[in-house]
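Inside the fold
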Amino acid sequence: MLGGNAEFLADAQLQKQGLDPIEHAEAYEEAWPETLAAFTEQVAAEHDEVVAAGGLYVVGSERHESRRIDNQLRGRSGRQGDPGESRFYLSLTDELMRRFNAEAMERAMAMFNVPDEQPIEHKWISKSIETAQKTVESMNTQMRENVLKYDDVMNRQRHTVYKDRRKVLNGADVSAELQGAVQRVVSEAVAEATTGFVEDWDLDHLWKVLGELYPISLSIDDYDRLDLTSEELEEDVTADAQRAYDTREDELGSERMRDVERQALLVVLDRQWREHLYEMDYLREGIGLRAMAQRDPLVEYKNEGALMFQNMMEAFMEEVVRYLFNFDVETVTAQLDASDLGLVKPVKDEQAMTYSGPSETGEAEQRGETKKSAFSGVGRNQKCPCGSGKKFKVCHGRS
């Protein structure tokens, strides 16, 4: 507003005098009319002075990439019926002019010996600058659309993961889903190890992999024969995995087993999802280079992102199986590390502690008794307390 805003100036003056409109409401209201009248008179005089001088003159030192911002700057002058003017100055070295092919302009100026200090004004130049602005705006709009398309890929994956998490957090029974995952993971391990001829199968490696997944009870010596088929081996291993699952549930009880299943899903899913987000960020940073190979970066991002998500879900289910069979329920003190791969470390003696309110000194009073771990005092050649029937060094002693 030419001359200033009388109400704003009056409010600033009263607060400068220590009158707050909330804390000193009565004194503020009492002094307001007189202060406002004084500034209204002052603003009116300054308004007339500015109008007589020609009003507000807006000077732009360059043209912006967006015409909207240029129009906003122009609109500052001549508002509310007051006079005003705006003028923009450009240099041939400005970013927008370089996009407008300023080299041709420089050659034309050199050809006609135009002095450096002489301004160039022509409708053709203004029109060309506006065309350049439209081109830049179109490019920026396309970039924003691509950002939304990239985000849509992650949004679809996010909805899938959050849907599974929400189902678990609401207390859904996931036992059927996890039993199917156990069967699928074990079957995939057998199928991967039984390619080719029977004499080329590496059963020792297969038994090692299965032993990391669940406590296998089958003897490798019973399957060291040439007439063995992959279907027979897969059927026996699948039945053995189901037996181990049922044994695990009998040890813990149905209600406790359901809690362990939900916890296993949440712990493993959260960690796998965090790692997947990091990997997707790395993919996003370098996917633009695919354009050099005449490939659409967005299509490549969608394809590789979908493949990475599928691999993440497969690794997630495999780790959940490890977690279920190796999770020590009675001595739960720590979540799995990324390096643990589902193997639970023996837990040292821990304290089951409770805390009272703060004392007079501000410190909390600690209460509680020491609880012994299930692994305390177990020899390496004794049976493992987890109930698997194996020696401790074979079962939990290795971790």
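In this report, we go over the structure that sits alongside the text. Given the structure is predicted, the values throughout are model-derived calculations rather than measurements.

So, how was this worked out
- Residues numbered from 1 in each chain as written.
- Predicted model: local features only at pLDDT ≥ 70, side-chain atom pairs only at ≥ 80, totals over all residues.
- Heavy atoms only, no water.
- Salt bridge = Lys/Arg side-chain N within 4 Å of Asp/Glu carboxyl O.
- Helix = DSSP H or I, 4+ residues; strand = E, 2+ residues; numbered from the N terminus.
- Buried < 20%, exposed > 50% of the residue type's maximum accessible area, 1.4 Å probe, protein only.
- Axes fitted to C-alpha atoms, helices over the stretch in contact; angles between N-to-C directions.
- Parallel < 35°, antiparallel > 145°, perpendicular 65-115°, else oblique.
- Contact = heavy atoms within 4.5 Å.
- Nonpolar A, V, L, I, M, F, W, Y, C, P; charged D, E, K, R; others polar.
- Pairing = 2+ DSSP bridges.
- Right-handed = clockwise from strand over helix to strand, strands pointing away.
- Phe/Tyr/Trp six-rings, centres within 6.5 Å; stacked < 30°, edge-to-face > 60°.
- Polar contact = N/O pair within 3.5 Å; in protein donor to acceptor, adjacent residues only side chain to side chain.
- Core = buried A, V, L, I, M, F, W, Y, C linked by side-chain atoms within 4.5 Å.

Moving on to the pattern of salt bridges. The final tally for this structure, using the stated rule, is 17 salt bridges. Across the pair R243 and D240 runs a salt bridge whose closest N-O atoms are separated by 3.1 Å. Here the residue R243 and the residue D240 both occupy positions in helix 9 (residues 230-252), the gap between them amounting to three residues, near one helical turn. Residue classification places R243 among the partly exposed residues on the basis of a relative accessible area of 34%. Residue E261 pairs with R258 through a salt bridge whose shortest N-O separation is 2.8 Å. On the criterion of helical spacing, the pair formed by E261 and R258 is a turn pair, its members being three residues apart in helix 10 (residues 254-286). The network of salt bridges with common partners includes D173, E249, R258 and E261.

Turning our attention to the packing of helix 3 (residues 67-74) against helix 6 (residues 123-169). Viewed as axis vectors pointing N to C, helix 3 and helix 6 meet at an angle of 125°, and their least axial separation amounts to 10 Å. In terms of their interaxial angle, helix 3 and helix 6 are classed as oblique. Residue-level inspection shows R67, R68 and D70 of helix 3 in contact with helix 6, the latter providing E130, Q133, K134 and E137. Each residue belonging to the contact of helix 3 with helix 6 can be placed in one class, and the counts come to no nonpolar, one polar and six charged.

Moving on, we get to the pairing of strand 1 (residues 56-60). One ladder, built from five bridges, connects strand 1 with strand 2 (residues 84-88); its direction is parallel. Note on strand 2: the bridge partner recorded for G60 is F88. Once the chain exits strand 1 it traverses helix 3 before rejoining the sheet at strand 2, and the crossover so formed is right-handed.

With respect to the element layout, A132 can be found in helix 6. A132 sits 34 residues away from R98 along the chain, and the two C-alpha atoms are 10.0 Å apart.

In this structure, Q294 takes a positive phi of about 60° despite not being glycine. Secondary-structure assignment places Q294 in the loop between helix 10 and helix 11 (297-326). By relative accessible area, which is 74% here, Q294 ends up exposed.

What describes a pair of aromatic rings is the distance from one ring centre to the other and the angle between the planes of the rings. The final tally for this structure, using the stated rule, is four aromatic pairs. Judged by centre distance (4.9 Å) and plane angle (70°), the rings of Y150 and Y301 are edge-to-face. Of this pair, Y150 sits in helix 6 while Y301 is found in helix 11, placing the two residues 151 residues apart along the sequence. The interplanar angle of 55° and the centroid separation of 5.9 Å between the aromatic rings of Y214 and F325 together place this pair among those described as tilted. With Y214 in the loop between helix 8 (203-213) and helix 9 and F325 in helix 11, the pair connects residues that are 111 residues apart, well separated along the chain. On the accessibility criterion, F325 (9% relative accessible area) is buried. Connected via pairs of aromatic rings, a cluster forms that spans Y214, Y245 and F325.

Turning to its location among the elements, V237 is positioned in helix 9. Residues within four places of V237 in sequence aside, it is in contact with V186, V190, L210, Y214 and L218.

Turning to the side chain of S175, a few remarks are in order. Its place among the elements puts S175 in helix 7 (residues 175-193). The exposure class of S175 is buried, given its relative accessible area of 11%. For S175, the side chain forms a polar contact with the side chain of D173, separated by 2.9 Å. Every residue in contact with S175, bar those within four places of it in the chain, is listed here: Y245, R258 and E261.

The next subject is the nonpolar core. Most often, soluble globular proteins keep nonpolar side chains buried together rather than apart. Membership of the largest hydrophobic core comes to 55 residues, with the highest contact counts inside it found for L178, L206, L210, Y214, L233, Y301 and V320. Among the elements of the structure, helix 6, helix 7, helix 8, helix 9, helix 10 and helix 11 are those that each provide at least two residues to this core. For this core, the element with the highest residue contribution is helix 11, accounting for 12 residues. Listed in part, the six residues of the second largest apolar core include M97, I125, A132 and V136.

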